[in-house]
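For reference, the chains in residue letters:
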Amino acid sequence: MICPSCNTQNLATDVRCIQCRAVLIYEAEGHSEVYRKGKDMIDARIYGGIGSFLGVCVAAFLQNTFLSLLFLDSRLVFATGMIVGGVVGAVVGWWNWRYR
């Protein structure tokens, strides 16, 4: 690769010119549509997982404090907390994707 500033011959993989240190390889302008869709899918799953974890934490807190007097099945409370937390996390991921 020839440097546009000083016309020095460089390797094709050099990021900077060996003579004048000018930048030869710039980062890509943007990402492809497939990359964006994959990133959004991963973000939604991460938000859903974090929401499920936080939902279970809130359910455990409620089970041990306020809901202990109602004698509810703890598995039901945890499952409900996980489902509600996952849905809330997915909605937050969608909201982040939609309004950025």
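Residues numbered from 1 in each chain as written. Predicted model: local features only at pLDDT ≥ 70, side-chain atom pairs only at ≥ 80, totals over all residues. Heavy atoms only, no water.

So, on to the overall build of the protein chain. Of regular secondary structure, the protein chain possesses two helices and zero strands. Residues counted as buried form 20% of the 100 residues belonging to the protein chain. (Helix = DSSP H or I, 4+ residues; strand = E, 2+ residues; numbered from the N terminus. Buried < 20%, exposed > 50% of the residue type's maximum accessible area, 1.4 Å probe, protein only.)

This paragraph deals with the pattern of salt bridges. Under the defined criterion, the tally for this structure stands at one salt bridge. In this structure, D43 engages K39 in a salt bridge whose closest nitrogen and oxygen atoms are separated by 3.4 Å. Of this pair, D43 and K39 both sit in helix α1 (residues 33-64), four residues apart, which is roughly one turn of the helix. With a relative accessible area of 27%, D43 lands in the partly exposed category. Using a relative accessible area of 27% as the deciding quantity, one classes K39 as partly exposed. (Salt bridge = Lys/Arg side-chain N within 4 Å of Asp/Glu carboxyl O.)

With a phi close to 60°, N7 is a non-glycine residue in the positive phi region. Of note, N7 is situated in the segment before α1. On the accessibility criterion, N7 (60% relative accessible area) is exposed. Residue R21 is not a glycine yet carries a positive backbone phi of 65°. Mapped onto the elements, R21 comes out in the segment before α1.

Take F53: it is sitting in helix α1. In sequence terms F53 and G89 are 36 residues apart; their C-alpha atoms lie 9.6 Å from each other.

A few words now on the side chain of N10. Here N10 is to be found in the segment before α1. Classification of N10 as buried rests on a relative accessible area of 5%. A distance of 3.1 Å separates a polar side-chain atom of N10 from the backbone oxygen of T8. Once residues within four sequence positions are removed from consideration, N10 is found in contact with M1, C3, R16, C17, I18 and L24. (Polar contact = N/O pair within 3.5 Å; in protein donor to acceptor, adjacent residues only side chain to side chain. Contact = heavy atoms within 4.5 Å.)

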